[in-house]
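Each chain, letter by letter, is given below.
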Amino acid sequence: LLVGAPQALALPGQGANRTGGLFACPLTPELSDCWRVPIDEGGELGPGGFPEGTPGQADSSPCPPVDPQRESKENQWLGVSVKSQGPGGKIVACAHRYEVRHRVRQPLETRDVIGRCFVLSQDLRVRDELDGGEWKFCEGRPQGHERFGTCQQGLAAAFSPDRRYVLLGAPGTYNWKGTLRVEQLNQSSLDLLRLDAGPFEAGGEKDQDPSLIPVPANSYFGFSVDSGAGLTRRQQLSFVTGAPRANHTGAVVILRRDSASRLVAEAVLAGHQLTSAFGHAVAVLDLNSDG
């Protein structure tokens, strides 16, 4: 069992007091054998952090040290979302309040709450080029709350049922209108040549146009995410995201990929009751198992 603890105290090398964390709890009769997964630990811990004999006992190289002139992990809420692909698959855990800092202690200092996610292999270790904490698509984009300065990527995250994609909600983007990003996990040279390789984004991965997202500002689009096949078209994958503040009632949007790296809305399900936060959580299921 993987458990997110977004208010957990920091590890010694994280350069913060409270960062959140990810815990792994073996399903045994013991009630006290959970252990902390050593991700995002900073450089001081080195490769340690696992209790002796655990399946994920680390042997990887140390993480780079925290640079307070470049980033802040204080109250980043690591573990706010945790998802697994199941046996043999990947794990994603996110910290939606992770900050990138610019011009620290200068008059024009800025802190961009972009968020970040970590992808790990099934033994909770960094195993290949997809694993690690470089999943932060808002980094390097235009700043300010009206663009990508408050993305809060990873408040919601999920994997597609075909195991090809990871879904990352970023509800703070575009003046808290929000967005959803879908990135491919299978990145072989052949995969990257496919038309549906992505990445895909509501608003367009290249366009970055908030007018393409069918909800108003302050909707929190991307607050919840899921996906499934056959929702609107037989055997075709659709992506579902909640926008719990849309039009003061909330909404759920069903989207599909297009050939221009965009996620295009196919349907908008509106909430009916004022302040009901419709779309705060979503789950896709197929009651008939036939699409």
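Definitions and limits used
- Residues numbered from 1 in each chain as written.
- Predicted model: local features only at pLDDT ≥ 70, side-chain atom pairs only at ≥ 80, totals over all residues.
- Heavy atoms only, no water.
- Phe/Tyr/Trp six-rings, centres within 6.5 Å; stacked < 30°, edge-to-face > 60°.
- Helix = DSSP H or I, 4+ residues; strand = E, 2+ residues; numbered from the N terminus.
- Buried < 20%, exposed > 50% of the residue type's maximum accessible area, 1.4 Å probe, protein only.
- Pairing = 2+ DSSP bridges.
- Disulfide = S-S within 2.5 Å.
- Salt bridge = Lys/Arg side-chain N within 4 Å of Asp/Glu carboxyl O.
- Core = buried A, V, L, I, M, F, W, Y, C linked by side-chain atoms within 4.5 Å.
- pLDDT = per-residue confidence, 0-100.
- Contact = heavy atoms within 4.5 Å.

(A) Highlighting the packing of aromatic side chains. For the coordinates displayed, the defined rule picks out four aromatic pairs. Judged by centre distance (6.4 Å) and plane angle (75 degrees), the rings of Tyr 165 and Phe 200 are edge-to-face. In this pair, Tyr 165 is assigned in strand S12 (residues 165-170) and Phe 200 in strand S14 (residues 200-201), connecting sequence segments 35 residues apart. Phe 200 matches Tyr 165 in its accessibility class, with the two residues each being buried. With 6.2 Å between their ring centres and 10 degrees between their planes, Tyr 220 and Phe 223 make a pair best called stacked. Judged by its relative accessible area of 18%, Phe 223 falls in the buried class. Within the aromatic cluster, the residues linked to one another by ring pairs are Tyr 165, Phe 200 and Phe 239.

(B) Representation of the pairing of strand S2 (residues 21-24) in the model. Of the strand pairs in this sheet, strand S1 (residues 2-5) and S2 are connected by four bridges, and their pairing is antiparallel. In the strand pairing of S2, Val 3 is matched with Phe 23. Pairing of S2 with strand S3 (residues 35-36) involves two bridges; the strand directions are antiparallel. Each residue of the ladder has a partner; that of Phe 23, found in S3, is Arg 36.

(C) Just the sheet that holds strand S7 (residues 99-102), in detail. Spatially, S4-S7-S8 is the arrangement adopted by the three strands of the open sheet, whose pairing is antiparallel. Every interior strand has two partners, whereas the edge strands, strand S4 (71-72) and strand S8 (110-112), have only one. Looking at chain direction, S4 and S7 are connected through two bridges and run antiparallel. Bridge assignment links Ser 72 to a residue of S7, and that residue is Glu 99.

(D) Spotlight on the state of the cysteines. Within this structure, the stated rule accounts for three disulfides. Across a sulfur-sulfur distance of 2.1 Å, Cys 94 and Cys 117 are joined as a disulfide pair. One disulfide, between Cys 94 and Cys 117, carries an S-S torsion of 105 degrees and so falls in the right-handed class. In this pair, Cys 94 sits in strand S6 (residues 91-95) while Cys 117 sits in strand S9 (residues 116-120), placing the two residues 23 residues apart along the sequence. Grouping residues by exposure puts Cys 94 and Cys 117 together as buried.

(E) Seen up close, the pattern of salt bridges. If you walk through the whole model with that rule in mind, you get 18 salt bridges. Linking Lys 136 and Glu 139 is a salt bridge whose minimum nitrogen-to-oxygen distance equals 3.8 Å. Judged by its relative accessible area of 9%, Lys 136 is buried. Given the relative accessible area of 36%, Glu 139 is considered partly exposed. In this structure, a network of salt bridges that share partners links the residues Asp 40, Arg 70, Glu 71, Lys 73, Arg 116 and Glu 134.

(F) Molecular detail of the nonpolar core. Grouped together as the largest cluster of nonpolar side chains are 29 residues, with contacts concentrated most on Leu 167, Leu 180, Val 182, Val 215, Phe 221, Phe 239 and Leu 263. Taken together, the elements giving at least two residues each to this core come down to strand S11 (156-159), S12, strand S13 (179-184), strand S16 (237-243) and strand S17 (251-257).

(G) The sheet that holds S11, seen in detail. The strand order across the open sheet built from four strands is S11-S12-S13-S14, with neighbouring strands paired in antiparallel fashion. Two strands in the sheet have a free side with no partner beyond their single neighbour: S11 and S14. Note that S11 and S12 share four bridges and pair antiparallel. Of the residues in S12, the one forming a bridge with Ala 156 is Gly 169.

(H) Inspection of the confidence of the model for the chain at higher detail. Residues of the chain with pLDDT of at least 70 account for 87%, and the chain-wide mean is 87. With pLDDT under 50 throughout, residues 43-62 is counted as low confidence; its partners more than four residues away or in other chains account for 35 contacts.

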